[in-house]
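The chain contents come next:
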Amino acid sequence: QGRLMVKEFEAAAVDQIVILLDTGRKSVSPEPLENNFEFLVSCAASLAHFLEDKYCHLRFIAADDRGGLHHISGDIASVKNRVRQVLTLIRESGEEFASVLPSAVENIPPRSRVFLLTMSTAAVPEYIRILEEQDCSCLWLYAPAELFPPAEPDKPRKIRRERVMKKLQKLDIIPQRS
């Protein structure tokens, strides 16, 4: 009675977060500034920024423009500046996302939360199924070139969603819009 009691809590597990960014040049829309590649880079940067306040282990994987692979891994506090720097300087690569996926998926621990930020559908559904079999939770953000047409001065962009929807239906994927 009258004594102060302190109860200590510790997280039982560290969240494993993975960001896979598609940088494949062939899938980039022709619009020079507001294209799908720049959109996905912004999404990756926003996600990494959001995670800075969380206690998690982050893996960031993307092909670089010299034929290599950016693979940054570590606790968010120790890798956030490197991820930010890579996202600031990243460029389109000659490496298609489908060819990056096999080696990337090999390095993803079971029960990870995986964010796939892609401009292409090639191989993505198959690798999502593989990751889900490893008890990973996957969120796929698909930004096809068709949804980022060139902008003309004083004219609204004409976006043709029908072709994208048909492509996704062929893959037996039901898109969700927010």
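A. Up close: the packing of aromatic side chains. Within the structure shown, the criterion is met by two aromatic pairs. Consider the rings of Phe39 and Phe148, whose centres lie 5.5 Å apart with planes at 45°: the pair is tilted. Separated by 109 residues along the polypeptide, Phe39 in helix α1 (residues 36–51) and Phe148 in the loop between β5 (137–142) and α5 (161–170) bring together distant segments of the chain. Of the residues examined, Phe39 reaches a relative accessible area of 35% and is grouped as partly exposed. We classify Phe148 as buried; its relative accessible area is 14%. Relative to Tyr142, the ring of Trp140 has its centre 5.6 Å away and its plane inclined at 45°; by these criteria the two rings are tilted. Taking the relative accessible area as the measure of exposure, Tyr142 reaches 14% and is therefore buried.

B. Just the sheet that holds strand β4 (residues 113–118), in detail. The strand order across the open sheet built from five strands is β3-β2-β1-β4-β5, with neighbouring strands paired in mixed fashion. The two strands at the open ends of the sheet, each matched to only one other strand, are β3 (69–75) and β5. With direction set aside, neighbouring strand axes in the sheet form an average angle of 10°. One ladder, built from six bridges, connects β4 with β5; its direction is parallel. Across the sheet, the residue bridging to Leu116 is Trp140, located in β5. Against the sheet, helix α3 (residues 97–106) engages β1 (15–21), β2 (56–63), β3 and β4, with an angle of about 155° to β1.

C. Inspection of the nonpolar core at higher detail. With 27 residues, the main nonpolar core has Leu21, Leu58, Phe60 and Val83 as its most contacted residues. At the level of elements, β1, α1, β2, α2 (76–89) and β4 are the ones that each hand at least two residues to this core. Sort the elements by how many residues they give to this core and α1 lands first, with seven residues. With residues near it in sequence (within four places) discarded, Leu21 still touches Leu40, Val41, Phe60, Ile61, Ala62, Ala63, Leu87, Ile90, Phe97 and Leu117. Phe97, Ile108, Ala123 and Val124 belong to the second largest nonpolar core, which has 18 residues in total.

D. Structural view of the side chain of Arg59. Tracing the backbone through its elements, the reader meets Arg59 in strand β2. One buried charged side chain, Arg59, makes no salt bridge at all; its nearest oppositely charged neighbour is Glu106, positioned 11 Å away. Within the local environment of Arg59, its side chain forms a polar contact with the backbone oxygen of Asn107, the two atoms lying 3.3 Å apart.

E. Molecular detail of the pattern of salt bridges. For the structure shown, the criterion picks out three salt bridges. For Arg84, the salt bridge is made with Glu52, and the minimal N-O distance between the two is 2.4 Å. Of the two residues, Arg84 is situated in helix α2 and Glu52 in the loop between α1 and β2; the sequence distance between them amounts to 32 residues. On the basis of relative accessibility, which here comes to 39%, the residue Arg84 falls in the partly exposed class. With a shortest N-O distance of 3.4 Å, Arg66 and Asp64 are connected by a salt bridge.

F. Main features of the pairing of β2. Across the eight residues of β2, eight count as buried, placing the element largely inside the fold. Residues Cys56, Leu58, Phe60 and Ala62 point to one face of β2 and His57, Arg59, Ile61 and Ala63 to the other, with burial holding for every one of them. Direction of pairing for β1 relative to β2: parallel, over a ladder of seven bridges. Each residue of the ladder has a partner; that of Val18, found in β2, is Arg59. As for the winding sense of the linkage, the β-α-β connection from β1 through α1 to β2 is right-handed. Here β2 folds back onto β3, and the loop between the two strands holds five residues, one of which, Gly67, carries a positive phi near 90°.

Thresholds applied
- Residues numbered from 1 in each chain as written.
- Predicted model: local features only at pLDDT ≥ 70, side-chain atom pairs only at ≥ 80, totals over all residues.
- Heavy atoms only, no water.
- Phe/Tyr/Trp six-rings, centres within 6.5 Å; stacked < 30°, edge-to-face > 60°.
- Helix = DSSP H or I, 4+ residues; strand = E, 2+ residues; numbered from the N terminus.
- Buried < 20%, exposed > 50% of the residue type's maximum accessible area, 1.4 Å probe, protein only.
- Pairing = 2+ DSSP bridges.
- Axes fitted to C-alpha atoms, helices over the stretch in contact; angles between N-to-C directions.
- Contact = heavy atoms within 4.5 Å.
- Core = buried A, V, L, I, M, F, W, Y, C linked by side-chain atoms within 4.5 Å.
- Lys, Arg positive; Asp, Glu negative; His and termini not counted.
- Salt bridge = Lys/Arg side-chain N within 4 Å of Asp/Glu carboxyl O.
- Polar contact = N/O pair within 3.5 Å; in protein donor to acceptor, adjacent residues only side chain to side chain.
- Right-handed = clockwise from strand over helix to strand, strands pointing away.

The values reported here are purely geometric and, on their own, carry no functional implication.
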